[in-house]
Amino acid sequence: MRIHSKIVAIAVCFGVFLLLYFFGGNAADEPPLKEVANEKHFPFFNQVEDFAPAKESKRNTEEPQKPPRLIRKEPKLSSRGGGNVIAKTRQKSEVGHPVSKVTRAEDVMHLAVVACGNRLDETLNMVKSALLFSIKKIKFHIFAEEDLAEQFEKGFSVWPQTVSSRFHYSIYPITFSVGNADEWKKLFKPCAAQRLFLPVILKDVDSLLYVDTDVLFLRPMDDIWRFLKAFNSTQLAAMAPEHEIPKIGWYSRFARHPFYGVTGVNSGVMLMNLTRIRSTLFRNSMIASGLSWENLLHPLYQKYKNHITWGDQDLLNIIFHYNPECLYIFPCQWNYRPDHCMYGSNCKAGEEEGVSILHGNRGVYHDDKQPAFRVVYDAIHEYPFEENMFQSLFYPLQTKFLDTVNTLCGRIPQVFLKQIEKTMRAVYEKKVVRHVRLPHEK
């Protein structure tokens, strides 16, 4: 009888233990999403508790590679050819972290843009798109005419502190270190040739992404920044092809000068290892011993100025025609332009993975020739910082895109929408889902 009593007592205790474990474990594994939604690291999901994805996408488990070390000193600028040179810098502190005087160089990505004329709003929208999804802090190097400098500062000043604390910026006047400044400034579009002089001006910057003002990021800048790690020992810059099909490409049909590869390259999105560029002697058709980047630019322009159409982009094509081993080519999805859809879809990488960086050249953000591009531009422009991104950005974009499906580029909406939706879901998972722990992770 005593043995039976002991067995019953043990069974009762074991049952009570199981009940406590079951209820206690489940409660601990399900923290309320509202607490997660208030995280300061990514304020754009403040209303995330209102959104539950209908279908969870697979989490990207690949660890980002560490970028090359960047030297964080303000550049000392020369006044040759450009008058007074003043760099205006505004320092910010890390979001969600204690304020420190020094931000580690490897935690900062550098992005340069050149803005002249009526490009203010376009440039601010590009900066905004870069900040929406990027993970690491960004240092923007903005080259602009004097009357635009104050307007940039005014534009940045009205952004919420949770946004402005995630980036630094410096504003530089337009300046050219060799040759005639007025001649350089009028090459192709106003100030476009400034990009050629970035390795010379930004002497203390190791690596840099240059983009045109009419570029929009549809995924983190961190992803294209990783291409720096894919460079081999001779590569020092990366661009996308000018076209995917030689028979309808501009360079393959009309160029009167040497160009890279079969279709040439487009310089609207250009990733550069500036340290390597500064230390390389480039082969050319003028001097057998090779020339440094700075010493090459002016004689190259003088030789080909009557044969080039697209200005600085043509000069870059000539340089890499003679130095092809120096160039890394990334897929067309990283520089997606109207040419990739207005003659029929010809960017296979974009069809498979969606557009990563949208390049609205030909002025398509501001006219009705390719409304699919304008819809994306307007959606980002109208999105209020700190609002729920699905409700205030993606859903309006998706709805407006329905009006473009009968146009040349709008008939393939998945190309424009796939990557931005994927990016938003990845951000959602990283900031929210990762906090919901499984029992074995406790």
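What you see is a predicted model; the values in this text were computed from it and never measured.

Draft legend 1. Seen up close, the packing of helix 15 (residues 371-382) against helix 16 (residues 389-401). Where helix 15 meets helix 16, the axes come as close as 10 Å, and the angle between the chain directions of the two elements is 155°. What the angle tells us is that helix 15 and helix 16 run roughly antiparallel. Read as a crossing pair, helix 15 and helix 16 show a hand that is right-handed. Packed against helix 15, whose contacting residues are Ala372, Val375, Val376, Ala379, Ile380 and Glu382, the element helix 16 presents Leu393, Leu397, Lys400 and Phe401 at the interface. For the contact of helix 15 with helix 16, the residue count by class is eight nonpolar, no polar and two charged.

Draft legend 2. Region of the structure containing the pattern of salt bridges. In total, this model carries twelve salt bridges according to the counting rule given. As a salt-bridge pair, Arg362 and Asp339 come within 2.6 Å of each other at their nearest N and O atoms. Of this pair, Arg362 sits in the loop between strand 10 (357-359) and helix 15 while Asp339 sits in the loop between strand 9 (327-329) and helix 14 (348-353), and the two are 23 residues apart along the sequence. Its relative accessible area of 46% is what places Arg362 among the partly exposed residues. Residue Asp339 is classed as buried on the basis of its relative accessible area, which comes to 7%. With a closest N to O distance of 3.7 Å, Asp378 and Arg374 form a salt bridge. Within this pair, Asp378 and its partner Arg374 are both found in helix 15, separated by four residues, close to a single helical turn. A cluster of three or more residues bridged by salt bridges with shared partners is formed by Arg195, Asp212 and Asp312.

Draft legend 3. Structural view of the state of the cysteines. For the structure on display, the rule yields three disulfides. Covalently, Cys332 is tied to Cys347 through a disulfide, its sulfur atoms 2.0 Å apart. With the S-S bond torsion at 100°, the cross-link from Cys332 to Cys347 turns out right-handed. On the criterion of sequence distance, the pair formed by Cys332 in the loop between strand 9 and helix 14 and Cys347 in the loop between strand 9 and helix 14 is long-range, its members being 15 residues apart. Judged by its relative accessible area of 4%, Cys332 falls in the buried class. Once the disulfide-bonded cysteines of the chain are ranked by sequence position, their pairing pattern turns out to be 1-2, 3-5, 4-6.

Draft legend 4. Main features of the environment of Gln414. With respect to the helices and strands, the residue Gln414 is situated in helix 17 (residues 413-431). Gln414 sits in the partly exposed class, given a relative accessible area of 38%. For Gln414 and Glu352, which are 62 residues apart along the polypeptide, the C-alpha to C-alpha distance reads 9.0 Å.

Draft legend 5. Looking closely at the nonpolar core. Ranked by internal contacts, the top residues of the largest apolar core, which has 76 residues, are Phe140, Phe152, Leu209, Phe217, Tyr336, Leu358 and Phe416. With eight residues, helix 3 (residues 120-133) is the largest single contributor of residues to this core. For Tyr336, the contacting residues outside a window of four places in its chain are Cys341, Cys347, Val355, Ile357, Leu358, His359, Phe373, Ile412, Val415 and Phe416. Membership of the second largest hydrophobic core comes to 47 residues, among which are Phe176, Leu202, Leu274 and Cys326.

Draft legend 6. Quick peek at the side chain of Arg337. Among the structural elements, Arg337 can be located in the loop between strand 9 and helix 14. One buried charged side chain, Arg337, makes no salt bridge at all; its nearest oppositely charged neighbour is Glu242, positioned 4.1 Å away. Reaching out from Arg337, the side chain makes a polar contact with the backbone oxygen of Asn335 at a distance of 2.9 Å. What Arg337 contacts, discounting residues up to four positions off in sequence, is Pro241, Glu242, His243, Asn266, His359, Asn361 and Phe373.

The rules behind these values
Residues numbered from 1 in each chain as written. Predicted model: local features only at pLDDT ≥ 70, side-chain atom pairs only at ≥ 80, totals over all residues. Heavy atoms only, no water. Axes fitted to C-alpha atoms, helices over the stretch in contact; angles between N-to-C directions. Helix = DSSP H or I, 4+ residues; strand = E, 2+ residues; numbered from the N terminus. Parallel < 35°, antiparallel > 145°, perpendicular 65-115°, else oblique. Left-handed = near helix turned anticlockwise from the far one by under 90°. Contact = heavy atoms within 4.5 Å. Nonpolar A, V, L, I, M, F, W, Y, C, P; charged D, E, K, R; others polar. Salt bridge = Lys/Arg side-chain N within 4 Å of Asp/Glu carboxyl O. Buried < 20%, exposed > 50% of the residue type's maximum accessible area, 1.4 Å probe, protein only. Disulfide = S-S within 2.5 Å. Core = buried A, V, L, I, M, F, W, Y, C linked by side-chain atoms within 4.5 Å. Lys, Arg positive; Asp, Glu negative; His and termini not counted. Polar contact = N/O pair within 3.5 Å; in protein donor to acceptor, adjacent residues only side chain to side chain.

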